[in-house]
Amino acid sequence: MHHPRLLKHVKEVEELKKIAGISACSYVQDGMIIGLGTGSTVKYTIIEIGRKISEENLDIIGVPTSLETKKLAENLNIPLMTIDDIVTVDLTIDGTDEFDPSFNLIKGGGGALTREKIVAKASKSMVVVADSSKQVLTLGSFPLPIEVNLEKWIDVERQISEFCPNDISLRGGKENPFITDNGGVILDANFGPTIIKPRELEEKIGRIQGVVEVGLFVGMCDAVVLASNDEVAILTNPHGRLS
Ligand code: 5RP
């Protein structure tokens, strides 16, 4: 049985996700090509974009970052293109697992980090939707997702363990590993709140043979639409493309 107070909290978090997700649509303009992120927060953005297309006749093309998002967008009749069809995306809206005061992110809790990063990199700007639980001073309490080639994960895990202070786990476990949309697996590396130099860490892990992508998004996020119990705040990255 669920504890009633826990249930209330879960409900509140869901409400905050919804508020953040919908509020981010203030960045959506007619005629845009929009990168559609993955996860339970940006889901509300995608639903709202679908509503805008059908009720306000907005002309939008979405670029999904996962099969899950593609399915959702198709159900909402959002016209879609893949990242291979286009050169530039006007704006990507996506969730995050953590963001720090420099607007650096840990992503990949949903396992879609590789496509999310490809789409975000092709975008003129990136807006992140989050509830206040995602805001941290230093990245790393959320175990860092790393996509790895299936046949290489044991070797990659060994190499990362040489500098990761805590445990590293294969998502889903050895018997039934989580398989990404690209056919890879995910290692979740628990660095603890120690990631002071995310770009260096991203590059260090990225150099290991067998690593497909690292869930650190450095210098990519231009604004965070942050819902807390009191308000929705838009935090704009002073070094970003929306300031
Ligand atoms: C998926 C992601 C998600 O955006 C991230 O996990 C946040 O998800 P949620 O909004 O469900 O908390 O990076 O790969």
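What counts, and where the lines are drawn
- Residues numbered from 1 in each chain as written.
- Predicted model: local features only at pLDDT ≥ 70, side-chain atom pairs only at ≥ 80, totals over all residues.
- Heavy atoms only, no water.
- Near = heavy atom within 4 Å.
- Polar contact = N/O pair within 3.5 Å; in protein donor to acceptor, adjacent residues only side chain to side chain.
- Areas by Shrake-Rupley, 256 points an atom, 1.4 Å probe, with all protein chains shown as cover.
- Nonpolar A, V, L, I, M, F, W, Y, C, P; charged D, E, K, R; others polar.
- Disulfide = S-S within 2.5 Å.
- Buried < 20%, exposed > 50% of the residue type's maximum accessible area, 1.4 Å probe, protein only.
- Pairing = 2+ DSSP bridges.
- Helix = DSSP H or I, 4+ residues; strand = E, 2+ residues; numbered from the N terminus.

(A) Region of interest: the site of the ligand. As a matter of local geometry, the ligand sits amid 18 residues, with Thr-38, Ser-40, Thr-41, Asp-97 and Lys-134 nearest to it. One nitrogen or oxygen atom from the main chain of Gly-108 is found 2.8 Å from an oxygen atom belonging to the ligand. In the environment of the ligand, an oxygen atom lies 3.4 Å from a nitrogen or oxygen atom belonging to the backbone of Gly-109. Protein chains bury 91% of the 380 Å² of accessible surface belonging to the ligand in isolation. Of the residues contributing to the shell around the ligand, the split by class is 2 nonpolar, 10 polar and 6 charged.

(B) Seen up close, the state of the cysteines. Scanning the entire structure with this criterion turns up 0 disulfides. We note that Cys-221 lacks a disulfide partner, and the nearest cysteine sulfur, in Cys-25, lies 16 Å from it. For Cys-221, a relative accessible area of 1% corresponds to the buried category.

(C) Summary view of the sheet that holds strand S5 (residues 105-106). Strand order in this open sheet of 3 strands is S4-S5-S11, and the pairing throughout is antiparallel. Looking along the sheet, the strands with just one partner apiece sit at the ends: strand S4 (98-99) and strand S11 (216-217). With 2 bridges joining them, S4 and S5 adopt antiparallel strand pairing. Within S5, the residue paired with Phe-99 across the bridge is Leu-105.

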